[in-house]
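Below, each chain spelled out in residue letters.
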Amino acid sequence: MTLLTVVFAAIFCTVLWYRMAPQDEMKVSVLCWIFWGASLMWLVDAVFAYMKQGAAYFTPAPAEMLNDWFLGVSVVALGLVVWLVILLVKDPRGAVKATLFKERKLNK
Amino acid sequence: MACMIIPGTEAIITTILAKAVASREEKERKMEAFQGKDGDTVSGITEIPFSRKLRWLSNLLWGGSALLAFEHVWHGEIVPWFPFLTAVGNPADTAAMLHEMATSGIAMSALVTAVWAVMLVMVSVVERRTLKGQAIHK
């Protein structure tokens, strides 16, 4: 479930990035890298779990599934927070800088 | 248990490598500009620098390792106090952790690197076609 949630997030971000490419003002590419990297790593985890559990891997208990989904959503939220921090620090549109400068001007 | 340590270590190495390659490329570019050469430039389209390609790999590795680290915190395998990994507490868990690092950790690094290598092959095909097309039009 965690893998599935992150894969969907990666696909959504890639489509969003493609719609805006080659411009990447919102740094959506960062989200693509984060979610695809995590998807690939969780895929390996899933393969190892499948090798251990066999077909039972595909029939998890509802409580386990819910916890995995909760984890997936939390992971996506963390990815979005990381992206937001990178976006505000790099400030490609200069919006943060402009706002700070404007406020300083007003204070004067 | 701590499988993300392997891709995390690879991420650190590739980041350092990308920075070193970028600074070497910058020096070469300055030298070429000084000598009046335009390198592989054809009508303004240049080859993608290797440092940028290396950054793709490090981005994948950093992103994946960070989210996986969060998963380990979620499952109580990583804690914010020394020695940070709960498996280090007893020898049986430590052995299981090392086994996981040697199997799934290395497999994660290998898969991400393999996907990146496939990306490089595809990009180089597109790059070659574009540069060739531009040269013909010139």
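Refer to the structure printed above.
This write-up is about the structure you can find in this document.

All right, on to the interface of chain B and chain A then. Contact with chain B, which involves 23 residues of that partner, is made by 20 residues of chain A. By the criterion of area lost to chain A, the three top residues of chain B are Leu60(B), Leu67(B) and Trp74(B), representing 32% of everything that side buries. At the boundary of chain B with chain A, the tally comes to zero salt bridges. Summed over the shared surface of chain B and chain A, the number is one residue pair in polar contact (both at pLDDT 80 or more). Here the element with the most residues in the side of chain B that touches chain A is helix H2 (residues 50–74) of chain B; it accounts for 13 residues.

Residues and elements named next belong to chain B. Taken as a whole and assessed by the stated rule, the structure comprises four salt bridges over all chains. Across the pair lysine 53 and glutamate 127 runs a salt bridge whose closest N-O atoms are separated by 3.5 Å. Taken together, the residues span a long stretch of sequence, with lysine 53 in helix H2 and glutamate 127 in helix H3 (residues 91–137) at a distance of 74 residues.

All names here are of chain A. Put simply, helix H2 (residues 28–53) and helix H3 (residues 62–90) touch, their axes get as near as 9 Å, and they point 145° apart. In this structure, H2 crosses over H3, and the sense of that crossing is right-handed. Contact residues: Val28, Val30, Leu31, Ile34, Phe35 and Trp42 in H2; Val75, Val76, Gly79, Leu80, Val82, Trp83 and Ile86 in H3. Classifying every residue of the contact of H2 with H3 gives 12 nonpolar, one polar and no charged.

On to the nonpolar core, then. Membership of the largest hydrophobic core comes to 44 residues, with the highest contact counts inside it found for Phe35(A), Trp42(A), Leu67(B), Leu68(B) and Val112(B). Only helix H1 (2–20), H2 and H3 of chain A together with helix H1 (5–35), H2 and H3 of chain B provide two or more residues apiece to this core. Tallying contributions element by element places H2(A) first for this core, with 12 residues. Excluding residues within four positions of it along the chain, Val112(B) makes contact with Leu40(A), Met41(A), Leu57(B), Leu60(B) and Leu61(B).

Taken as a whole and assessed by the stated rule, the structure comprises eight aromatic pairs over all chains. Relative to Trp74(B), the ring of Phe70(A) lies with its centre 5.1 Å away and its plane at 80°, an arrangement referred to as edge-to-face. Highlighted residues: Phe70(A) in helix H3 and Trp74(B) in helix H2, drawn from two different chains. Through pairs of rings, three or more aromatic residues link up here, namely Tyr50(A), Tyr57(A) and Phe58(A).

Criteria and thresholds
- Residues numbered from 1 in each chain as written.
- Chains lettered and ligands numbered in written order.
- Predicted model: local features only at pLDDT ≥ 70, side-chain atom pairs only at ≥ 80, totals over all residues.
- Heavy atoms only, no water.
- Contact = heavy atoms within 4.5 Å.
- Buried area = accessible area lost by both parts, 1.4 Å probe.
- Salt bridge = Lys/Arg side-chain N within 4 Å of Asp/Glu carboxyl O.
- Polar contact = N/O pair within 3.5 Å; in protein donor to acceptor, adjacent residues only side chain to side chain.
- Helix = DSSP H or I, 4+ residues; strand = E, 2+ residues; numbered from the N terminus.
- Axes fitted to C-alpha atoms, helices over the stretch in contact; angles between N-to-C directions.
- Left-handed = near helix turned anticlockwise from the far one by under 90°.
- Nonpolar A, V, L, I, M, F, W, Y, C, P; charged D, E, K, R; others polar.
- Core = buried A, V, L, I, M, F, W, Y, C linked by side-chain atoms within 4.5 Å.
- Buried < 20%, exposed > 50% of the residue type's maximum accessible area, 1.4 Å probe, protein only.
- Phe/Tyr/Trp six-rings, centres within 6.5 Å; stacked < 30°, edge-to-face > 60°.

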